[in-house]
Amino acid sequence: MLTDYHVHLRPDDPDTGADRYLVAANAERYRLAASERGIEELGISEHVYRFAQALDVWQHPLWRDAARDDLDAYVAFLRDETDLKVGIEADFVPGREDRMAKLLDARDWDYVVGSIHFLGDFALDHDGYDIWGAGQSPEAVWRRYFETLGEAARTGMFDILAHPDIVKYWGATRPHPPGDLRRFYELAMDGIAETRIAIELSTAGLRKPVGALYPDPAFLEMCLQAGCPVALSSDAHVPGDLGHGYDRALELLDGLGVGELAVFAGRERRLEPIG
Ligand SMILES: [Zn+2]
Ligand SMILES: [Zn+2]
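> What is the right way to look at the pairing of strand 4 (residues 111-115) in this model?
Regular strands place side chains that alternate from one sheet face to the opposite one. Of all 5 residues in strand 4, 5 are buried, a share of seventy percent or more. Side chains of strand 4 alternate between two faces, with Tyr111, Val113 and Ser115 and Val112 and Gly114 buried alike. Two elements, strand 3 (residues 85-91) and strand 4, share 5 bridges in a ladder whose sense is parallel. By the bridge assignment for strand 4, glycine 87 is matched with tyrosine 111. Note on the crossover from strand 3 through helix 5 (residues 97-105) to strand 4: the handedness is right-handed. Taken together, the 2 bridges between strand 4 and strand 7 (residues 160-161) define a ladder with parallel strand orientation. Its bridge partner lying in strand 7, valine 113 is registered against isoleucine 160.

Structure below.
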């Protein structure tokens, strides 16, 4: 069984309001595209910061610009008008765990995708708030990123750890630390091993400047040794990107001896053979 859980019903651009995109006809386009690609388990995980309620958690300028829609209307739409799994992509904002937990616990999810897009006020994957313009060394940025990733896993607030090495997003167009990167991955491993959170294998990186799967195979191997299962997703923002690059992802999993994927319902996890 193939999954695509980290999926958005719309691009991240402005003018992509709920009235046009969080509607049954659009969800149906995604369901059809998934069926064509043999993806049975399809779920949606809109960015939490597109919803007004996220401003109770954090008030970053990007969130203030984006927070327009109603979170409860989104959950009700997915439950009542689609047959898709109900997810959310929730940022880990250190120091705001209680506020985010309150937002998440009040609603009925099939799974929660946990992401890090910011370190402090600086973004890893958005050139508007680029962390690489802040004068920090790659060693410092990568250290802080993987320490934060371990903290995110340790909170237990999330079911899936999204795009786990998104710090590499810009590839060769930004500074990069030298040598064996496992010294950074190690920083996240205690937190990851503690909760055995599902690790996302995301093909989104293939469509970004880095041009590689998230995470690096060496990172994934360390997570597998820690006993974590794999959650497979494309992070599509349009139907055409569903299952994008899955041949590459499945080849990697096969090479690592992974024959099962994490499947979620009502925040319960089970494993299903890839087949
Ligand atoms: Zn993300
Ligand atoms: Zn996403």
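> What's the story with the sheet that holds strand 1 (residues 2-4) in this structure? I'm lost.
Strand pairing in a sheet relies on backbone hydrogen bonds. The paired strands run either parallel or antiparallel. Taken in spatial order, the 7 strands line up as 1-2-3-4-7-8-9 in an open sheet, and their pairing is parallel. With partners counted over all chains shown, the strands left at the sheet margins are strand 1 and strand 9 (230-233), one partner each.

> Help me understand the coordination of the zinc ion (ligand 2), please; the structure alone is not making it clear to me.
Geometrically, a metal with four donors at the corners of a regular tetrahedron has ideal angles of 109.5 degrees, and one with six donors at the corners of a regular octahedron has ideal angles of 90 or 180 degrees. Within the protein, His6 (NE2), His8 (NE2), Glu89 (OE) and Asp235 (OD) serve as the donor atoms for the zinc ion (ligand 2), at 2.0 to 2.3 Å. Of note is the zinc ion (ligand 2), whose 4 donor atoms meet at the metal with angles of 83 to 164 degrees in an arrangement that counts as irregular.

> Would you mind showing me how to read the packing of aromatic side chains here?
Any aromatic ring pair is given by two values, namely how distant the centres are and how the planes are angled relative to each other. Enumeration according to the criterion identifies 15 aromatic pairs in this entry. Pairing phenylalanine 146 with phenylalanine 219 gives two aromatic rings, centres 6.0 Å apart and planes at 45 degrees, and the pair type is tilted. With phenylalanine 146 in helix 6 (residues 138-155) and phenylalanine 219 in helix 8 (residues 217-225), this pair connects stretches of sequence that are 73 residues apart. Owing to a relative accessible area of 0%, phenylalanine 146 belongs among the buried residues under this scheme. Members of the aromatic cluster, each reached through a chain of ring pairs, are Trp142, Tyr145, Phe146, Phe184, Tyr185 and Phe219.

> Before we go on, may I ask you to explain the coordination of the zinc ion (ligand 1) in this structure?
All of the protein donors around the zinc ion (ligand 1) are Glu89 (OE), His117 (NE2) and His163 (NE2); their distances to the metal are 2.1 to 2.2 Å. One chain supplies every donor to the zinc ion (ligand 1), and in sequence these donors are spaced E-x27-H-x45-H. The zinc ion (ligand 2) is placed at 3.5 Å from the zinc ion (ligand 1), the two being bridged by glutamate 89. Residue histidine 117 is found in the loop between strand 4 and strand 5 (118-119), and its partner histidine 163 is found in the loop between strand 7 and helix 7 (182-195); the two are separated by 46 residues along the sequence. Overall, the relative accessible area of 6% leaves histidine 117 in the buried class.

> Please clarify how the state of the cysteines should be interpreted in this entry.
All told, the structure shown has 0 disulfides when counted by the stated rule. There is no disulfide at cysteine 223, and the cysteine sulfur nearest it, in cysteine 228, is 5.2 Å away. Look at cysteine 223 and you get buried, because its relative accessible area is 0%.

> Looking at this structure, how should I read the layout of surface pockets?
In this approach, a probe sized like a water molecule rolls over the atoms, and the result shows the empty space that is left. By volume, the largest pocket is sized at about 610 Å³. For the largest pocket, the lining is made up of 29 residues, of which Asp12, Asp13, Tyr49, Leu62 and His126 are closest to its centre. Ranked by residues supplied to the lining of the largest pocket, first place goes to helix 3 (residues 61-66) with 3 residues. Tallied by class, residues from the lining of the largest pocket come to 10 nonpolar, 7 polar and 12 charged. Looking at the second largest pocket, it is lined by 16 residues, and the ones nearest its centre are Val93, Pro94, Phe118, Leu119 and Gly120. Of all the secondary structure elements, the ones that give two or more residues to the lining of the second largest pocket are strand 5 and helix 6. In terms of residue count, helix 6 provides more of the lining of the second largest pocket than any other element does, 4 residues in total. Counted by class, the lining of the second largest pocket contains 7 nonpolar, 4 polar and 5 charged residues.

What counts and how
- Residues numbered from 1 in each chain as written.
- Chains lettered and ligands numbered in written order.
- Predicted model: local features only at pLDDT ≥ 70, side-chain atom pairs only at ≥ 80, totals over all residues.
- Heavy atoms only, no water.
- Buried < 20%, exposed > 50% of the residue type's maximum accessible area, 1.4 Å probe, protein only.
- Helix = DSSP H or I, 4+ residues; strand = E, 2+ residues; numbered from the N terminus.
- Pairing = 2+ DSSP bridges.
- Right-handed = clockwise from strand over helix to strand, strands pointing away.
- Donors = N, O, S within 2.8 Å, 3.2 Å for Na, K, Ca; no water.
- Tetrahedral: all angles 85-135°; square planar, octahedral: opposite > 155°, others 65-115°.
- Phe/Tyr/Trp six-rings, centres within 6.5 Å; stacked < 30°, edge-to-face > 60°.
- Disulfide = S-S within 2.5 Å.
- 1 Å grid on protein atoms, 1.4 Å probe; cavity = no way out; pocket = protein on both sides within 12 Å on 5 of 7 lines; lining within 4 Å.
- Points joined across faces, edges and corners; volume = space filled by probe spheres on them.
- Nonpolar A, V, L, I, M, F, W, Y, C, P; charged D, E, K, R; others polar.

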